[in-house]
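The primary structure of each chain is shown beneath.
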Amino acid sequence: MTELRCRKTDTLERATEEDEGQIEPEVQTADTKEPVNTEEDEGSVSIGGDGGDKRQKDEGQVKEKDAHHKEEESNRPESAVKRSKSSSTSVFLQRLVRVFFGFLAAVACGILYAAYLSAYHDRKFWFSTRQELEREITFQGGSGVYYYYYKHMLTVPSFERGFYELTLDNRTISGQTINAVERLSLYPELITSYIYRVTDSQDFVEPIYFYVGAVFGLQAVYVTALFVCSWVMSGTWVAGMLAVAWYVINRPDTTKVDFAIPLRDNWALPYFSCQVAALTGFLSNNISSATEMFCYLTMSATTFTFLLVWEHSHYVLFIQALCLFLLDSFDLVPPRKMADIHKVYLSSLFPVYLFQFQNPALLSSPLLGLLIGSVLARYFQQKMKKGPLVARVMKLFLHFHLVFTTVITFSYLVKKLIPVSESDFILKFLEVKFGLNTTTDFITNFLMCQESFQTPSQDLFLRLTQASVLPFYLLVLTVCLLSTLQTIYRRLSGQPMKTNIRLEDGRIGEQPEVIYHVFHTLLFGGLALLFDGMKYLWTPYVCMFTAFGVCSPDLWMTVFKWLKLKSIHPVVLSLILSTAVPTIIGFSLWREYCPRVLAELSDVQEFYNPDTVELINWIKSQAPVAAVFAGSPQLLGTVKLCSGSAVTSLPLYSDINLLRRTKDTYQVYAMRSAEDIYKILTSQKTNYVIIEDSICNELSLNKGCRIKDLLDISNGHVIHDKGEIYSFSKHGRFCHEIKMNYSPYTNYFTRVFWNRSYHVYKVNTVISFQY
C-alpha cells in the first residue's frame, strides 16, 4: 500500500533517531567507565613478586583498550552520518517512487474513465455513424443551444469578430438584443473554439468531436481530482481507486454528462473538484511551504475558472465558505490560512465580475457578504477565541449573529442600489418549497415541478446502498463527526490543537482537512435531501469521503481508542483493517459491477428521433432564414442549434425574463381563445408556432405538474369540487381546437407542417375572417 502523508513517515524517523541517540551515549558511558574500573581493581593487586610483571601486562592491555576505544569513538560519528545520509536518501527515494506511482494511477484512472465515456456515448447514440444533424440532436434537454455558439465562433472570419457578435446578439431571441456571453456563460465555448482555431485542429478532427472530447477530458480531470483528494486524506492511493470505482458505478447520480454534454455543470464541476483537492492539501498541517504554495496557486486558478464558467458557482462557493467559516469560528484552522483563503475568494470574485460584464448577481452574492461579515466580526471580536468555556460559547453565538446579520444587510443594500432581477422570484420559490407560502404563479410552480428542484426519491438511497457506499459512508461520517465534536469541545475548553498527530493518538477529528470534509458533506447532503439536482454536488464527495475513511488507519484507530481495545495491539489492527476492508470492498465491486460496466459498452442501443429530424429538415429547407419560432424551451434549443433561426425563448431557468416569455409561449396549451394566442405570439414577433403532442396529450400520474395543469391554475381555470380538481373555461384547449381546422382558428393560423409528434402553424400576418 502506497503512503502519501509525510507526517507518519517523519514520526517514525524521529522515533528511530531518538532511539539511536539514546543508545549511543549509553555505549559511550560504558566504554569510558571500563578502563577506570580496571585500573582500580588492578591497583589493589600489587603485592608479591610477580605483581610488577602483572601490572605491566595489565597496563599494556589497558593502553591497547584505550587506543581501541579512541578509534571506535573517532569512527562512530562518521558511520552515524553515513547511515543518516543513506537512510534519508532511501526514504526520499521511497517517497518519490510512491508519489510517482500514485499519480500514475490517478492519471490512468482519469484516462480510462474518459475512454469509457467516449465508447459508451458512441454506442448509446451511434455517434460515429450519424450525420451532423442527427449528432446535434443527441444534445438533449435543450443543452444544444450552447453548442450553437461554439459552431458560430468557428464560422466567423475571426475570433474577435465572433466575440463582438455574441456580445450584441440580436439573432437569438426575437425582438431583443442580448449579450449572449453574459446571459448564457459562454466562456467554455469561447475558449474551446479559440483552441480549435489556433491549433489548426480542423485538419484532423471534426468540430463536434473536439467539443465532446474537451468535455470528456474535463471529466477525466474530475475523477483524477477525486482520486488525489482521497489519496491525500488517507495516505494511500488505494482510497483513490476505490473512490473512482464508486463514482463510475453510481454514474447516474454523480454526473449529467451521459445525456446533456454541453451543460454548464459538466464544464464547471471538474474545476470545483480540483479546487477542493487543492484546499484539502492546503488545510493539512504537515505540508512543506512549497507544497502549500502550490496548493494555494492551484486553488486560486480553479476558483477563478469555476466562477467564470457557471452562473451558479458563487452559490456553491458560499456553501464551501460556510464550512470554512465554521472551522475558523471553532479555531480549528490557523488564522493565517483563513486569511489566504479569503484572498483567493476576493481575488477571484472581482476579476470574474469584470469578465462577466459587471454582473450584479456577483456583488449581491451571499459569498461576498459572508467574506465581508467574517472580516468585520474578526475586527470587532479580536478576543473571541479566549476565555473560559461558557464565555467562548457566548462570544461564538454573538459572532454568528454579527456575521449573518452583516450578510443579510449587505445583500439587501446591494439589491436596493443595484437591482437584481432574479432575487425576488428565487425568494418566492424558496418560500413555496419550504411550505411557508402557496401560490398560483406559473413560474414558481413550473420550477417546483422541475426534477432538479424536487425532493429526491428513495431510489437514490437504494442505489447507493446496493453499491455499498451509503452504509460505509454513514460509518465514516459518524466516527469523523464524533471525533470532530470532541475536538471542538477541547478547543472551546482552551486546549491547544495538536499539529503533529501520531497514529496511536486516535484523533482523526483533529485534522483540519477531515473536519472541513465533515462540514462539506453535511451541508451539501442537507441540500441534496431537499433538491434532487444537488446530488451531483454531494454524491461524488460521498464516494471520495467514504473511500478515504475505510482506507484510513486513523479512523480505525479512533474507533479502537474509544473501545479501549487491549486484546490486540490497536495500531496493528487498524493497519490491517485499513488494508483488508478496502480490498474486500474492491473485490466485491469488481465481481458484481465490472460485468455490468462492460455490458454497457457491448449493448447496442438505439437513439433515433425521426420526427425531430424531419421537423428540422423542413425548417432548414422551407422556412425563411429570418423566421421566428415559438415552442417549448427544450425544442427551441434544438431548433436554434440545428437551424440557427431566432426563437422566442431558451431553456435557461435562471433568467426571469426568459421564464416570463416561456409562460407566454406555453399558453398554446391552455384554454385560451385564438385571438388571445394570436396577440401573445405577435407581441413576440413569432412567425411559426410548434405544438407538441407530447405536451398537449400529456398523461402523468402527477397531474399537478403537467404544463396544461399549471397553466389552468395560473389562469384561474380550475374548479374544486369535493376534493377533486377540474379544469373549466368557455374556450377549449387551444392545442386541441386548432387541429380541428375551423374558424376562428384558421383565421389566425395556417398549418404548414405536421407529423406524428409536431404540428407547425404559421402565424398569419393578414387575418382572413372566414366562417
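It should be emphasised that the depicted structure is a prediction, and the values quoted were computed from it without experimental measurement.

Caption draft 1: View of the overall build of the protein chain. Each helix and strand in the protein chain was counted, giving 33 helices and seven strands. The buried share of the protein chain, taken over its 771 residues, is 50%. When the accessible surface of the protein chain is totalled, it reaches about 36,700 Å², and 61% of it is carbon and sulfur.

Caption draft 2: Spotlight on the packing of aromatic side chains. By the definition in use, this model includes 45 aromatic pairs. For the pair Phe 429 and Phe 453, a centre-to-centre distance of 5.1 Å together with 65 degrees between the ring planes defines the contact as edge-to-face. Of the two residues, Phe 429 is situated in helix H18 (residues 423-433) and Phe 453 in the loop between helix H19 (442-448) and helix H20 (458-466); the sequence distance between them amounts to 24 residues. Seen from their ring centres, Phe 545 and Phe 548 are 5.7 Å apart, and the 50 degrees between their planes marks the pair as tilted. With Phe 545 and Phe 548 both in helix H23 (residues 535-551), this residue pair falls three residues apart, about one helical turn. One exposure class covers both Phe 545 and Phe 548, and it is buried. Taken together, Tyr 678, Phe 734, Tyr 742, Tyr 745, Tyr 748 and Phe 749 form an aromatic cluster joined through their ring pairs. The lysine or arginine in question, Arg 251, covers the ring of Tyr 120, its NZ or CZ lying 4.9 Å from the ring centre.

Caption draft 3: Summary view of helix H14 (residues 335-355). Its 21 residues give H14 an end-to-end C-alpha distance of 31 Å, which sits within 8% of 30 Å, the value for a rise of 1.5 Å per residue. In this structure, the buried residues of H14 make contact with helix H11 (264-283), helix H12 (289-309), helix H13 (313-329), helix H15 (360-363) and helix H16 (366-380). Phe 357 sits one or two residues past H14 and shows a positive phi near 60 degrees.

Caption draft 4: Structural context of empty space enclosed by the protein. Taken as a whole, this structure holds nine cavities of 30 Å³ or more when the rule is applied. Of the pockets and cavities examined, the largest cavity occupies roughly 60 Å³. In terms of lining residues, the largest cavity is bounded by Ala 321, Leu 324, Phe 325, Asp 328, Met 338, His 342, Tyr 345, Leu 370, Leu 371, Ser 374 and Arg 378. Partitioned by chemical class, the residues of the lining of the largest cavity number seven nonpolar, two polar and two charged.

Caption draft 5: Highlighting the nonpolar core. Core analysis: the biggest nonpolar cluster contains 202 residues, and Phe 272, Ile 341, Cys 480, Phe 629, Tyr 669, Phe 734 and Phe 749 have the highest contact counts within it. Counting residues per element, this core draws most heavily on helix H8 (residues 207-234), which supplies 15 residues. Contacts of Cys 480, omitting those with residues within four sequence positions, involve Ile 508, Val 514, Val 518, Phe 545, Phe 548 and Leu 555.

Caption draft 6: How the structure looks around the state of the cysteines. The final tally for this structure, using the stated rule, is two disulfides. With its sulfur 2.1 Å from that of its partner, Cys 449 forms a disulfide with Cys 705. Between Cys 449 and Cys 705 the disulfide shows an S-S torsion of about -80 degrees. By sign, it is left-handed. Here Cys 705 lies in the loop between helix H30 (693-696) and helix H31 (707-715) and Cys 449 lies in the loop between H19 and H20, a separation of 256 residues in the sequence. By relative accessible area, which is 18% here, Cys 449 ends up buried.

Caption draft 7: The arrangement of the sheet that holds strand E2 (residues 646-647) in detail. Ordered by their spatial adjacency, five strands build an open sheet running E2-E1-E3-E7-E6, and the pairing between neighbours is mixed. Looking along the sheet, the strands with just one partner apiece sit at the ends: E2 and strand E6 (749-754). Alignment of strand E3 (residues 688-692) against strand E7 (residues 758-763), held across five bridges, turns out to be antiparallel. Counted as the bridge partner of Glu 692 is Tyr 758 from E7. Here helix H26 (residues 610-622) sits on the sheet and contacts strand E1 (628-630), E3, E6 and E7; the angle it forms with E7, its principal contact strand, is near 25 degrees.

Caption draft 8: Representation of the pattern of salt bridges in the model. Here the structure, examined in full by the defined rule, presents 27 salt bridges. Glu 292 is paired through a salt bridge with Arg 336; the nearest N and O atoms lie 2.7 Å apart. Of this pair, Glu 292 sits in helix H12 while Arg 336 sits in helix H14; the two residues are 44 residues apart in sequence, bridging distant segments of the chain. A relative accessible area of 47% places Arg 336 in the partly exposed class. Taking the shortest distance from any N to any O, the salt bridge between Arg 733 and Asp 712 comes out at 2.9 Å. Of this pair, Arg 733 sits in the loop between strand E5 (724-727) and helix H32 (734-737) while Asp 712 sits in helix H31, placing them 21 residues apart in sequence.

Caption draft 9: Local environment of the environment of Lys 343. Positionally, Lys 343 belongs in helix H14. Lys 343 gets classed as partly exposed once you look at its relative accessible area, which sits at 48%. The spacing of Lys 343 and Ser 300 is 43 residues in sequence and 8.8 Å in space, taken between C-alpha atoms.

Caption draft 10: Structural detail: the side chain of Thr 487. Note on placement: Thr 487 falls in helix H21 (residues 469-492). Ignoring any residue separated from it by four or fewer positions in sequence, one finds Thr 487 in contact with Leu 332, Met 497, Gly 509 and Glu 510.

Caption draft 11: Structural detail: the packing of H13 against H14. The interhelical angle for the contact between H13 and H14, taken along N-to-C directions, is 165 degrees, at an axis separation of 11 Å. On the basis of their axis angle, the class for H13 and H14 is roughly antiparallel. Crossing of H13 over H14 shows left-handed handedness. Facing Leu 317, Gln 320, Ala 321, Leu 324 and Asp 328 of H13, the residues of H14 in contact are Met 338, Ile 341 and Tyr 345.

Caption draft 12: The arrangement of unusual backbone geometry in detail. Residue Pro 744 is bonded to the preceding Ser 743 through a cis peptide linkage, with omega at 10 degrees. Within the element layout of this structure, Pro 744 appears in the loop between H32 and helix H33 (745-748). The backbone of Asp 331 sits at a positive phi, close to 60 degrees, despite the residue not being glycine. Looking at the element boundaries, Asp 331 is found in the loop between H13 and H14. In the Ramachandran plot, Asn 741 falls in the positive-phi region, its phi being about 60 degrees despite a non-glycine side chain. Here Asn 741 is to be found in the loop between H32 and H33.

Caption draft 13: Spotlight on helix H7 (residues 187-198). The end-to-end C-alpha distance of H7, which contains twelve residues, comes to 16 Å, matching closely the 16 Å that a straight helix rising 1.5 Å per residue would cover. Residues of H7 that are buried: Tyr 187, Pro 188, Glu 189, Leu 190, Thr 192, Ser 193 and Tyr 196.

Caption draft 14: The side chain of Asp 328, seen in detail. Its place among the elements puts Asp 328 in helix H13. Side chain to side chain, Asp 328 and Arg 378 meet in a polar contact 3.0 Å long. For Asp 328, the contacting residues outside a window of four places in its chain are Val 333, Met 338, Arg 378 and Lys 385.

Caption draft 15: The arrangement of the packing of H21 against helix H22 (residues 512-530) in detail. Running from amino to carboxyl end, H21 crosses H22 at an angle of 120 degrees, the nearest separation of the two axes being 10 Å. Considering their axes alone, H21 and H22 lie oblique with respect to each other. Once H21 is placed against H22, the crossing between them reads as left-handed. Where H21 approaches H22, its residues Tyr 473, Leu 477, Cys 480, Leu 481, Thr 484 and Ile 488 are matched on the opposing element by Val 514, Ile 515, Val 518, Phe 519, Thr 521 and Leu 522. In terms of residue class, the contact of H21 with H22 is made up of ten nonpolar, two polar and no charged.

Caption draft 16: Geometry of the pairing of E6. Both E6 and E7 contribute to a ladder of five bridges, which runs antiparallel. Pairing of Phe 753 across the sheet is with Val 760, part of E7. Between E6 and E7, which follow one another and run antiparallel, lie three residues.

Cut-offs used in this document
Residues numbered from 1 in each chain as written. Predicted model: local features only at pLDDT ≥ 70, side-chain atom pairs only at ≥ 80, totals over all residues. Heavy atoms only, no water. Helix = DSSP H or I, 4+ residues; strand = E, 2+ residues; numbered from the N terminus. Buried < 20%, exposed > 50% of the residue type's maximum accessible area, 1.4 Å probe, protein only. Areas by Shrake-Rupley, 256 points an atom, 1.4 Å probe, with all protein chains shown as cover. Phe/Tyr/Trp six-rings, centres within 6.5 Å; stacked < 30°, edge-to-face > 60°. Lys NZ or Arg CZ within 6 Å of the ring centre and 35° of its normal. Expected span 1.5 Å × (residues − 1). Contact = heavy atoms within 4.5 Å. 1 Å grid on protein atoms, 1.4 Å probe; cavity = no way out; pocket = protein on both sides within 12 Å on 5 of 7 lines; lining within 4 Å. Points joined across faces, edges and corners; volume = space filled by probe spheres on them. Nonpolar A, V, L, I, M, F, W, Y, C, P; charged D, E, K, R; others polar. Core = buried A, V, L, I, M, F, W, Y, C linked by side-chain atoms within 4.5 Å. Disulfide = S-S within 2.5 Å. Pairing = 2+ DSSP bridges. Axes fitted to C-alpha atoms, helices over the stretch in contact; angles between N-to-C directions. Salt bridge = Lys/Arg side-chain N within 4 Å of Asp/Glu carboxyl O. Parallel < 35°, antiparallel > 145°, perpendicular 65-115°, else oblique. Left-handed = near helix turned anticlockwise from the far one by under 90°. Polar contact = N/O pair within 3.5 Å; in protein donor to acceptor, adjacent residues only side chain to side chain.

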